[in-house]
Amino acid sequence: PDASALEAGIVGCRACPRLVAWREEVAASKRRAYADQTYWGRPVPGFGVEHPAIMIVGLAPSAHGANRTGRNFTGDRSGDVLFAALHRTGLAKLPISVSRDDGNQLLHTRMSAAVRCAPPDNKPTAAERDTCLPWLVRDLELAWPSLRAVVVLGGFGWQALWPAIAGLVPLPTPLPRFGHGTVVDLDERRRVFGCFHVSPQNVNTGRLTPSMLDEVLTTARTWAGL
Ligand code: SF4
């Protein structure tokens, strides 16, 4: 399918009962600060250019971030950190992403995720990851002809990536372990870059600093010839 057909398929998905219930319950109850807003409350499709050189693979929407705004990494602290870095490294038009109609754009880049619906405690199960895998497969298939770099944020996305690309390229054996700064060659054109997740926990503890994030994005960008 093309990107708009894929988006429609993702947004209409109800395959995980626990996540459907949670995303809709959060959307109905809301956080007080957002009481006047209509929550998205559905699966969050990919965001960015249709033929990306760089694909960013995250974990899952947050309850009051992407589950509220309908755009990956938009409207929460993880997103604030990531979009600031994407802007610094020339991969986003604006340094902050607040809503689907804020005018921000990714440049040469597309965002995807291991799981598309907000999970309780930001923790999807392995079964939910497997159920959502076909959407990641299709995102990667659409991106594949132009794709040069996959930046994976965190170990959960790292686990999802390998089965998702298994139909596109021979997998490395053994499968590489996740690590910040880990680089894996998929073929002569494409590389995977591991990066700690931009979660508040990682950022607040200094496990992931802005300069560490910038370095991964800059390395991926340079590899992609941008
Ligand atoms: Fe569908 Fe993925 Fe949401 Fe499960 S997590 S309901 S597979 S979009």
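The sections below set out a description of the structure shown in this document. (Residues numbered from 1 in each chain as written. Predicted model: local features only at pLDDT ≥ 70, side-chain atom pairs only at ≥ 80, totals over all residues.)

**Quick notes on the overall build of the chain**
Point 1. For the chain, the count of helices and strands is eight helices and six strands.
Point 2. Counting helices and strands in the order they occur from the N terminus, the chain gives α-α-β-β-α-α-β-α-β-α-β-β-α-α.
Point 3. Computed over C-alpha atoms, the radius of gyration of the chain comes to 16 Å, within 12% of the 17 Å expected from 2.2 N^0.38 for 226 residues, which places it in the range of a compact globule.
Point 4. Dimensions of the chain along its principal axes, counting C-alpha atoms only, are 50 × 35 × 30 Å.
Point 5. The buried share of the chain, taken over its 226 residues, is 46%.
Point 6. Restricting the contact set of the chain to residue pairs at least 6 apart, pairs at least 24 apart contribute 68%. (Helix = DSSP H or I, 4+ residues; strand = E, 2+ residues; numbered from the N terminus. Rg over C-alpha atoms; globule rule 2.2 N^0.38 Å. Buried ≥ 20, exposed ≤ 12 C-beta atoms within 10 Å, placed from the backbone. Contact = placed C-beta atoms within 7 Å.)

**So, the sheet that holds strand S1 (residues 47-48)**
Point 1. Read across the sheet, six strands follow the order S1-S3-S2-S4-S6-S5 without closing on themselves; strand pairing throughout is mixed. Looking along the sheet, the strands with just one partner apiece sit at the ends: S1 and strand S5 (183-185).
Point 2. Pairing geometry for strand S4 (residues 149-153) and strand S6 (residues 191-195), over five bridges, is parallel. Note on S6: the bridge partner recorded for Val 150 is Val 192.
Point 3. The strands that helix H6 (residues 155-165) touches are strand S2 (54-58), S4 and S6; relative to S4, the one it contacts most, it runs at about 140 degrees. (Pairing = 2+ DSSP bridges. Axes fitted to C-alpha atoms, helices over the stretch in contact; angles between N-to-C directions.)

**Side note on the environment of Pro 119**
Point 1. Here Pro 119 lies in the loop between strand S3 (109-113) and helix H5 (126-143).
Point 2. By C-beta crowding, Pro 119 is classed as buried, having 22 other C-beta atoms within 10 Å.
Point 3. It is 9.6 Å that separates the C-alpha atoms of Pro 119 and Ala 21, two residues lying 98 residues apart in sequence.
Point 4. Not counting the four nearest positions on each side in its chain, Pro 119 is found in contact with Leu 19, Trp 22, Ala 60, Pro 124 and Glu 128.

**Looking at helix H2 (residues 17-29)**
Point 1. Taking 1.5 Å of rise per residue, the 13 residues of H2 would be expected to cover 18 Å, and the 18 Å separating its terminal C-alpha atoms lies within 8% of that figure.
Point 2. The set of residues buried in H2 consists of Leu 19, Arg 23 and Val 26. Buried residues of H2 fall within an arc of 65 degrees about the axis and therefore sit on the same side. Pointing more than 90 degrees away from the buried face of H2 are the exposed residues Pro 17, Ala 21, Ala 28 and Ser 29.
Point 3. Directly beyond the C-terminal end of H2, a positive phi value near 65 degrees is found at Lys 30. (Expected span 1.5 Å × (residues − 1). Arc of directions from axis to C-beta.)

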